[in-house]
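Structural overview
As a plain string of letters, each chain reads:
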Amino acid sequence: IREASPYELTKSIELDAKVAGFKRADFWLDLSDQRRRKKTLAIIVATIGPEIVGYASGDLLALTVRAPICGWIYAIGVVVQYREHKVASALMEVMTDHFKTGGATSIRTTIDVDEHLLMCFLRSFGMTVGPSIDLEVKLEHP
């Protein structure tokens with residue numbers, strides 16, 4: 001597990017597209033750009049030999065009023081054939097250490113309600129429903 005190099009961004013984008021089910025290159029390019037300016041943002045990869053088999057990204061933020069600084073997991077994923085090999089657990093441990101070092105008092109993330117596998121994984125790290133909820137309204141487009 002190590003910090004991703006700028007040259008590995010393309011591989012991370014491809015891997016995330018496989019794990020998430022859709023490509024979000026703009027998300028990763030924006031994170032990469034932010035990382036050059038912010039020391040609190042982490043983009044890490046898990047490798048076996050030369051192959052990237054997992055990734056995680058997150059930052060230290062205080063997003064809401066009266067909220068203490070906390071670690072936010074933006075993305076975490078592992079190639080299917082390396083799941084159940086503790087790769088995601090190792091990524092979470094490195095992210096947790098990063099957040100603790102930065103002074104975070106908690107870790108948060110937002111996931112789709114239908115992401116059962118991811119929810120089970122995060123719960124295994126002690127994550128539960130937090131103090132906030134997402135509210136949403138669908139926008140109509142002409």
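Calculation criteria
Residues numbered from 1 in each chain as written. Predicted model: local features only at pLDDT ≥ 70, side-chain atom pairs only at ≥ 80, totals over all residues. Heavy atoms only, no water. Salt bridge = Lys/Arg side-chain N within 4 Å of Asp/Glu carboxyl O. Buried < 20%, exposed > 50% of the residue type's maximum accessible area, 1.4 Å probe, protein only. Helix = DSSP H or I, 4+ residues; strand = E, 2+ residues; numbered from the N terminus. Polar contact = N/O pair within 3.5 Å; in protein donor to acceptor, adjacent residues only side chain to side chain. Contact = heavy atoms within 4.5 Å. Axes fitted to C-alpha atoms, helices over the stretch in contact; angles between N-to-C directions. Left-handed = near helix turned anticlockwise from the far one by under 90°. Phe/Tyr/Trp six-rings, centres within 6.5 Å; stacked < 30°, edge-to-face > 60°. Lys NZ or Arg CZ within 6 Å of the ring centre and 35° of its normal.

1. Side note on the pattern of salt bridges
One pass over the full model with this rule turns up seven salt bridges. Ionic pairing is found between Glu-8 and Arg-2, a salt bridge with its closest N-O pair at 2.6 Å. Overall, Glu-8 belongs to the buried group, its relative accessible area being 14%. Here Asp-33 ties to Arg-36 by a salt bridge, and the two come within 3.1 Å at their closest N and O atoms. Here the residue Asp-33 and the residue Arg-36 both occupy positions in helix α2 (residues 25-37), the gap between them amounting to three residues, near one helical turn. Overall, Asp-33 belongs to the partly exposed group, its relative accessible area being 30%.

2. Regarding the side chain of Glu-8
Position of Glu-8 relative to the elements: it lies in the loop between β1 (2-3) and α1 (9-20). Here Ser-5 takes part through its backbone nitrogen, which lies 2.9 Å from a polar atom of the side chain of Glu-8. Excluding residues that lie within four positions of it along the chain, Glu-8 makes contacts with Arg-2, Glu-3, Val-45 and Ile-52.

3. Focus on the packing of α1 against α2
Direction vectors running N to C along α1 and α2 enclose 145 degrees, while the axes themselves pass 10 Å from each other. Between α1 and α2 lies a crossing whose hand is right-handed. Contacts between α1 and α2 involve Leu-9, Ile-13 and Asp-16 from the first element and Ala-25, Trp-28, Leu-29 and Ser-32 from the second.

4. Some points on the packing of aromatic side chains
Each aromatic ring pair is characterised by the separation of its centres together with the angle its planes make. Counted by the stated rule, this structure contains three aromatic pairs. Aromatic rings pair up to connect Phe-27, Trp-28 and Tyr-55 into one cluster. Between Arg-24 and the ring centre of Phe-27, over which it is positioned, the NZ or CZ distance is 4.6 Å.

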